[in-house]
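If you want the building blocks of each chain, they are given just below.
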Amino acid sequence: MNNLGISTDPALLGVELPSSLMTSPSVSTFMPEEDASICPLLPTTPSPPPMDFIHPLTPSTGIEEENTGELRGDDAQAETSSSGSSSGIGIQVTANGPGSLFNKHAYQHLGGKNGDIVQENGVNQTGVFSIPITKDTPSFVKWNWPLIRTCTLFLFMAMLIAMCAIVISMIFNLPKTCNPETPWYKGSVFYEIFPASFQDSNGDGLGDLKGLASRVDYIESLGVGAVRLNSIFPAKHYPDHFQNVTTLMDIDEILGSTRDISYLTRIFHRRNISLVLDLPIYPLIKHLAVLKKNSSEAVNATDFEVQDVFQEDDSEDDPVLTAMRYWLSVGVDGFYVKGLENYADDPYLVDNIQEWKFALGSDRILMVSKVLFDSVSDDIAAKIKHCVDLVDVFVDVSNGTKIIAERVQSLLNSVHLAPGFGPWIHWSLGGVTERRLSQGMSTNTSLAATLMQLMLPGTPSIFYGDEVALQEVYDPLGDHEDSKHLHHLSTMVWDSDIKFTVKESLPWLPPGAFVAFHHFEIVSGMIRLRKTAPSIYQNAVIKESQSVLNTAVRYSKNDILILERWYPRRNTFTSISNFGTKALVLDLSGMFYSGEIMLGPLRGEKVFFSSIQVKPMETLIVKLDK
């Protein structure tokens, strides 16, 4: 017996063992069921027959002895052991044939390296895995595991690549900003054009719709969200008397045809620019239509939509509604109905406006003049404000900063036009009935006033040419005195080889006396800033169905006008306008501390409000430091 208590007596083992096995040190550590796993046979060594080693303490397995049918258990084996030796272990050695790999007490020997030949019971076998397949072998043993591993690897890599692609796509599609969204007409900038003076395409000296379409790149680079065309309808002696409209269902032949307006809307829409038409209904229409309908007005204070229940289609009896539906079919995005103040006493005024808005829907706009609200009672104004989207307000900048501030402040505090849940204000500094901004004043007046206008809450409108300080007609010899009432509609001057008309033709009006092309970059830069800053393009802060102003007039004396705009968790901006004739050095440290200039030659420079200089006819736009 060795020190582990395992007998090495051949008689006790019941087999003849080589002397090397009996004297080897490994004999003392020979444990059941470890032979095949830790002692691989050498190719040159004959493989002994498999042996079953049964521990005396293991339960009887009831193994039937080969060829005899006699059942031999642990007890039988114990009887052949030395009864006097309590520490000995009885070992039964039986010779088995090829056994199952999954037998509890049977083992298969693993060969050497791949391709080596080993002997198993006198039979040469390849030394990879000597595993016989029997009916008891599980089915998964027969699977093509190399192919399964390869497919699994490719599937895992494909899933990994797909997940990475999804994550990258999600990151790429994240919005660059999380600014609040508004409808296309709220907060964007409109561009008002008198088509006869914008661009000529056929050499007759008069602007037309095809010429306007050829300037779409210029309009897009300016950054406006909508173009508003005024006075395109047939009139007697157009364009000298463009206001004498004869119909709302056609375009004056000088400008083009309906096909041209359809083409214009398509190219504008491709550039994300909307098209709005002026409808001058007075004095063409004597009375508003008498509507034969039962109208149950349902006003939504959030989106101002009016829902009406109509008994029949009355568009044939309403020339305004008929014209609107016709131009809507062409692709127009809204209308500015001009002259409505002349129908202030008409009993069907509110009904007509409601019907027009119902026909337009929520995506296309209806605009009226502020003069209409001033011409009707408060009750009627309260009903009208729920039916219109924009209210045109003219601001005269020639009367001084105090008048400008009072005008702006009165509108912000207005009952019907206060920012928030009412119609948005459409700010105008010029138009077909107003003098040019820079006329009779410094050429920088147009730029200073336009930048100030673009800081106001609502929807600013730029009259064509004001972005480059276009002045009125240059007529020093008085050759065009008969058209003096049209001199503010001077033909556009272009900073390119292509002029307003061909060299062989004379424009119907002379060009402006002066143009400052370098103003274009400053104005377009301000429009881009407005697009990305909720502090400027939003007209109020809406919190829990409550509207709070985000605009303040901080100062309006001594030709200085200071506006401040803010929005929660966004930058605050201020504009400092000097409409005087002298440069001023201001101490505004009581209002602000420091900031960064956003436009002009000093763009990006840091300024301190304890000593800030403002040139005459200049507007500074400053982003305040937090």
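Parameters at a glance
Residues numbered from 1 in each chain as written. Predicted model: local features only at pLDDT ≥ 70, side-chain atom pairs only at ≥ 80, totals over all residues. Heavy atoms only, no water. Helix = DSSP H or I, 4+ residues; strand = E, 2+ residues; numbered from the N terminus. 1 Å grid on protein atoms, 1.4 Å probe; cavity = no way out; pocket = protein on both sides within 12 Å on 5 of 7 lines; lining within 4 Å. Points joined across faces, edges and corners; volume = space filled by probe spheres on them. Nonpolar A, V, L, I, M, F, W, Y, C, P; charged D, E, K, R; others polar. Phe/Tyr/Trp six-rings, centres within 6.5 Å; stacked < 30°, edge-to-face > 60°. Buried < 20%, exposed > 50% of the residue type's maximum accessible area, 1.4 Å probe, protein only. Lys NZ or Arg CZ within 6 Å of the ring centre and 35° of its normal. Contact = heavy atoms within 4.5 Å. Polar contact = N/O pair within 3.5 Å; in protein donor to acceptor, adjacent residues only side chain to side chain. Patch = residues over 30% accessible without salt bridge, like charges linked within 9 Å, V, L, I, M, F, W, Y side chains within 5 Å. Areas by Shrake-Rupley, 256 points an atom, 1.4 Å probe, with all protein chains shown as cover. Salt bridge = Lys/Arg side-chain N within 4 Å of Asp/Glu carboxyl O. Expected span 1.5 Å × (residues − 1). Axes fitted to C-alpha atoms, helices over the stretch in contact; angles between N-to-C directions. Parallel < 35°, antiparallel > 145°, perpendicular 65-115°, else oblique. Left-handed = near helix turned anticlockwise from the far one by under 90°. Pairing = 2+ DSSP bridges. Right-handed = clockwise from strand over helix to strand, strands pointing away. Lys, Arg positive; Asp, Glu negative; His and termini not counted. Charge placed at Lys NZ, Arg CZ, Asp CG, Glu CD.

## Focus on unusual backbone geometry
Cis peptide bonds are those with omega within 30 degrees of zero, and the linkage from Tyr-238 to Pro-239 qualifies with 5 degrees. Along the chain, Pro-239 falls in the loop between β6 (226-229) and α8 (258-270). Residue Pro-283 follows Tyr-282 across a cis peptide bond; omega there is 5 degrees. For Pro-283, the location among the structural elements is in the loop between β7 (274-280) and β8 (298-299). A positive phi angle is found at Asn-272, which is not glycine, with a value near 60 degrees.

## A word on empty space enclosed by the protein
In total, this model carries two cavities of 30 Å³ or more according to the counting rule given. Its boundaries defined by the atoms lining it, the second largest cavity holds a volume of some 40 Å³. Lining the second largest cavity, in full, are Leu-417, Ala-418, Pro-419, Pro-423, Trp-424, Ile-425, Pro-457, Gly-458 and Asn-539. Its residues assigned to classes, the lining of the second largest cavity shows seven nonpolar, two polar and no charged.

## Things to note about the packing of aromatic side chains
Under the criterion given, the structure shown has 17 aromatic pairs. Pairing Phe-194 with Trp-508 gives two aromatic rings, centres 6.3 Å apart and planes at 35 degrees, and the pair type is tilted. Of this pair, Phe-194 sits in the loop between β5 (190-193) and α6 (209-213) while Trp-508 sits in the loop between β14 (459-463) and α15 (519-532), and the two are 314 residues apart along the sequence. For the pair shown, Phe-194 and Trp-508 are each scored as buried. Put simply, the rings of Tyr-191, Phe-198, Tyr-218, Phe-463, Tyr-464, Trp-494 and Phe-520 touch in pairs and so form one group of aromatic residues. Just above the ring of Trp-494 sits the side chain of Arg-215; from NZ or CZ to the centre is 3.8 Å.

## Observations regarding the environment of Glu-467
Structurally, Glu-467 can be placed in the loop between β14 and α15. Residues Glu-467 and His-518 lie 51 residues apart in sequence; the distance between their C-alpha atoms is 9.4 Å. Look past the residues within four positions of Glu-467 in its chain and what remains in contact with it is Tyr-191, Tyr-218, Leu-222, Ile-462, Met-492, His-519, Phe-520 and Val-523. Separated by 2.7 Å, the side chains of Glu-467 and Tyr-191 make a polar contact. Of the polar contacts made by the side chain of Glu-467, one reaches the side chain of Tyr-218; its length is 2.5 Å.

## Regarding a nonpolar patch on the surface
A surface patch of nonpolar side chains, amounting to about 440 Å² of accessible area, comprises Phe-140, Val-141, Trp-143, Trp-145 and Ile-148. If you trace the backbone, Trp-145 turns up in helix α5 (residues 145-172). When its relative accessible area of 34% is taken as the criterion, Trp-145 is described as partly exposed.

## Here we look at α15
Given a rise of 1.5 Å per residue, 14 residues ought to cover 20 Å, and the 21 Å separating the end C-alpha atoms of α15 matches this to within 8%. Among the 14 residues that make up α15, ten are buried, leaving the element largely enclosed by the rest of the structure. Along α15, the residues classified as buried are His-519, Phe-520, Ile-522, Val-523, Ser-524, Gly-525, Met-526, Ile-527, Leu-529 and Arg-530.

## As for the packing of helix α9 (residues 319-330) against helix α10 (residues 349-360)
It is the contact of α9 with α10, at a shortest axis distance of 10 Å, that shows an interaxial angle of 15 degrees. As judged from the angle between their axes, α9 and α10 are roughly parallel. In this structure, α9 meets α10 at a crossing whose hand is right-handed. Contact residues: Val-320, Leu-321, Met-324, Arg-325 and Leu-328 in α9; Glu-355, Trp-356, Ala-359 and Leu-360 in α10. When its residues are assigned to classes, the contact of α9 with α10 shows seven nonpolar, no polar and two charged.

## Overview of the sheet that holds strand β11 (residues 365-369)
One closed barrel holds the eight strands; their spatial order is β5-β6-β7-β10-β11-β12-β13-β14, and the pairing between them is parallel. Here the strands of the sheet are splayed against their neighbours by 25 degrees on average, with no regard to which way each runs. When β6 meets β7, the two strands line up parallel, connected through four bridges. Opposite Leu-229, over in β7, you have Leu-277 as the bridge partner. Its contacts with the sheet place α10 against β10 (334-338) and β11, and it is angled at close to 150 degrees to β11.

## Some points on the sheet that holds strand β18 (residues 560-565)
The six strands lie next to each other as β17-β18-β19-β24-β21-β22, forming an open sheet whose pairing is antiparallel. Each edge of the open sheet carries a strand with a single partner, namely β17 (551-555) and β22 (606-608). Averaged over all pairs of adjacent strands, the angle between strand axes in this sheet comes to 30 degrees, irrespective of strand direction. Seen against the sheet, helix α14 (residues 445-453) touches β18, β19 (573-578) and β24 (618-624) and runs at an angle of roughly 35 degrees to β24.

## A look at the pairing of β14
Strand residues, when the strand is regular, have side chains that alternate between the two faces of the sheet. Summarising burial for β14: five of the five residues are buried, a large majority. One ladder, built from three bridges, connects strand β13 (residues 424-428) with β14; its direction is parallel. From the neighbouring strand, Ser-428 faces β14, where its bridge partner is Ser-461. For the crossover from β13 across α14 to β14, the handedness is right-handed.

## Some remarks on the environment of Ile-353
Assignment of secondary structure puts Ile-353 in helix α10. Accessibility expressed as a relative area gives 0% for Ile-353, which makes it buried. Separated by 16 residues in the primary sequence, Ile-353 and Val-337 place their C-alpha atoms 9.7 Å from one another. Residue contacts for Ile-353: discarding those within four places in its chain leaves Leu-340, Leu-366, Leu-372, Ile-384, Cys-387 and Val-388.

## Quick look at the layout of surface pockets
A volume near 720 Å³ is recorded for the second largest pocket. Around the second largest pocket, the lining is made up of 32 residues, and of these Tyr-336, Lys-338, Asp-392, Val-432 and Thr-433 lie nearest the centre. Secondary structure elements with two or more residues in the lining of the second largest pocket: β7, β10, α11 (370-375) and β12 (390-394). Of the residues in the lining of the second largest pocket, the class split is eleven nonpolar, eleven polar and ten charged.

## Notes on a negative patch on the surface
A cluster of acidic residues, Asp-240, Asp-479, Glu-481 and Asp-482, forms a negative patch at the surface. By the element assignment, Asp-479 lies in the loop between β14 and α15. Judged by its relative accessible area of 56%, Asp-479 is exposed.

## Considering the packing of α14 against α15
Packed helices, taken two at a time, are described by the angle between their axes plus the distance between the axes. Packing of α14 against α15 brings their axes to within 10 Å, and their N-to-C directions diverge by 5 degrees. Between α14 and α15, the interaxial angle falls into the category roughly parallel. Here Leu-447, Thr-450 and Leu-451 of α14 come into contact with α15, specifically with His-519, Ile-522, Val-523 and Met-526. The residue makeup of the contact of α14 with α15, split by class, is five nonpolar, two polar and no charged.

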